[in-house]
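# What the coordinates show
Residues per chain are reported as follows:
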Amino acid sequence: MQGQLGLEGIPAELVRITPARLNTWAACPRRYRMAYVDRPTPPRAGPHVEATVGAAVHNALKAVSELPATQRTSEKAVSELRRCWKHDGFRDRTQSVRHRDRAAGWLSEYVAGRDGDLSPLAVERWVSAPAGSIIAEGRVDRVDQRGEEIVVVDYKTGRHVPETDDARTSRALALYAIAARRTFRKPCRRVELHHVPSSTVASWEHTEDSLAEHLADAGQTAGRIGRATEAHAAGEDRDVWFPPRTGGHCSRCDFPAHCPEGTQAAPDLAPWAKVERDDAT
């Protein structure tokens, strides 16, 4: 693995890259610039409900995973969710409580269905590894020890129920697997997307070749980001190197006040807009 992924003969200069940065660039280079290059960072829009819910569920799962085995129960998970819940982004407290209770139902069923599977090797762990032309790094939701190998687990709380192809094509999961095997010095090929609302798991078993393909793709993207950042520092036209990439995702941008193209492409939805449909059910 190390030879194939470039862990031997590491060059002096490597680009540190996280899946979050790669995903932001893929969605919109202009958004990447405002989030990671511009200093000071432009003021961000307020939090959206999806982020509030996702953070609370992740924090509750982390807390319950760290408890003694006898306390890793659905009831404790729900208690942790209520403790760390925030009302940020909701229309009002009534709406917030409604969705907190809905999330509590997800969490209760998920934890009950994962009986005996909440004793991870690590939770919310930063992993990092020099590989190829980059240093692949990031914070993994969960790393499980299963037999002689470790497994990367990523929690999902959105509407989309992940399928096998989502796990297979996820560059983030592949980079986490590469970094985790270096960090823990254990084999890691399996990656999993755990969709908490449906208590389902989408998984993929990588090969050395498939990991290498993801790594090569990440290295190429990191190279483009590096060239754009250098050009920006040299005073070249930032809109040439960091152009806007507009679409429906613009309604969820952190910087709508600083992107007229994005504002024109998609409406600036209220932070709770995506959950209004749930309120009617």
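Residues numbered from 1 in each chain as written. Predicted model: local features only at pLDDT ≥ 70, side-chain atom pairs only at ≥ 80, totals over all residues. Heavy atoms only, no water.

## Quick word on the overall build of the protein chain
- Secondary structure assignment for the protein chain yields 11 helices and 6 strands.
- Relative to the compact-globule value of 19 Å for 281 residues, the protein chain shows a C-alpha radius of gyration of 20 Å, a close match.
- Overall, the protein chain is about 55 × 50 × 30 Å in size when its C-alpha atoms are taken along their principal axes.
- Per-residue burial for the protein chain yields a buried fraction of 45% across its 281 residues.
- Of all intrachain contacts in the protein chain linking residues separated by at least 6 positions in sequence, the fraction that spans at least 24 positions is 69%.
- Just so you have it, the protein chain exposes about 13,800 Å², and 49% of that area is on carbon and sulfur atoms.
- For the protein chain, the centre of its 40 positive side-chain charges and the centre of its 39 negative side-chain charges are spaced 3 Å apart. (Helix = DSSP H or I, 4+ residues; strand = E, 2+ residues; numbered from the N terminus. Rg over C-alpha atoms; globule rule 2.2 N^0.38 Å. Buried < 20%, exposed > 50% of the residue type's maximum accessible area, 1.4 Å probe, protein only. Contact = heavy atoms within 4.5 Å. Areas by Shrake-Rupley, 256 points an atom, 1.4 Å probe, with all protein chains shown as cover. Lys, Arg positive; Asp, Glu negative; His and termini not counted. Charge placed at Lys NZ, Arg CZ, Asp CG, Glu CD.)

## A few points about the pairing of strand E6 (residues 200–205)
- Here strand E5 (residues 188–195) runs beside E6; their pairing, made up of 6 bridges, is antiparallel. Residue pairing in the sheet places His-194 in a bridge with Val-201 of E6.
- In textbook terms, the turn of a hairpin is the stretch between consecutive antiparallel strands, and for E5 and E6 this stretch comprises 4 residues, one of which, Ser-199, has a positive phi near 55°. (Pairing = 2+ DSSP bridges.)

## Structural notes on the packing of aromatic side chains
- Using the criterion set out here, one finds 5 aromatic pairs in the structure.
- Ring geometry for Trp-25 and Tyr-32: centres 5.7 Å apart, planes at 85°, overall edge-to-face.
- Look at Trp-25 and you get buried, because its relative accessible area is 9%.
- The interplanar angle of 45° and the centroid separation of 4.9 Å between the aromatic rings of Tyr-32 and Tyr-36 together place this pair among those described as tilted. Residue Tyr-32 and its partner Tyr-36 are both found in helix H2 (residues 29–37); the two are separated by 4 residues, about one turn of the helix. (Phe/Tyr/Trp six-rings, centres within 6.5 Å; stacked < 30°, edge-to-face > 60°.)

## Here's the deal with the nonpolar core
- In terms of nonpolar packing, the biggest core is built from 37 residues, with Val-127, Ile-134, Val-152, Leu-175, Tyr-176 and Phe-184 touching the most fellow members.
- Those elements giving two or more residues to this core turn out to be helix H1 (19–27), H2, strand E2 (122–131), strand E3 (134–146), strand E4 (149–156), helix H7 (171–184), E5 and helix H8 (208–233).
- The element that contributes the greatest number of residues to this core is H7, accounting for 10 residues.
- Those residues in contact with Leu-175, other than ones at most four positions away along the chain, are Pro-19, Leu-22, Ala-136, Leu-215 and Ala-218.
- Listed in part, the 25 residues of the second largest apolar core include Val-49, Leu-67, Cys-84 and Val-275. (Core = buried A, V, L, I, M, F, W, Y, C linked by side-chain atoms within 4.5 Å.)

## Some thoughts on the packing of helix H3 (residues 49–65) against helix H4 (residues 74–84)
- Axis separation between H3 and H4 bottoms out at 8 Å; the angle between their running directions is 130°. When the axis of H3 is compared with that of H4, the two are oblique. Between H3 and H4 the crossing geometry is right-handed. Contacts between H3 and H4 involve Ala-56, Val-57, Asn-59, Ala-60, Ala-63 and Val-64 from the first element and Lys-76, Ala-77, Glu-80, Leu-81, Arg-83 and Cys-84 from the second.
- A class-by-class count of the residues in the contact of H3 with H4 yields 8 nonpolar, 1 polar and 3 charged. (Axes fitted to C-alpha atoms, helices over the stretch in contact; angles between N-to-C directions. Parallel < 35°, antiparallel > 145°, perpendicular 65-115°, else oblique. Left-handed = near helix turned anticlockwise from the far one by under 90°. Nonpolar A, V, L, I, M, F, W, Y, C, P; charged D, E, K, R; others polar.)

## Observations regarding the packing of H1 against H7
- The N-to-C vectors of H1 and H7 enclose an angle of 155°; their axes lie 9 Å apart at closest approach. When the axes of H1 and H7 are compared, the pair comes out roughly antiparallel. Judged by the sense of rotation from one axis to the other, the crossing of H1 with H7 is right-handed. Taking contact as the criterion, the partners of Pro-19, Leu-22 and Ala-26 in H1 are, on H7, Arg-171, Ala-172, Leu-175 and Tyr-176.
- When its residues are assigned to classes, the contact of H1 with H7 shows 6 nonpolar, no polar and 1 charged.

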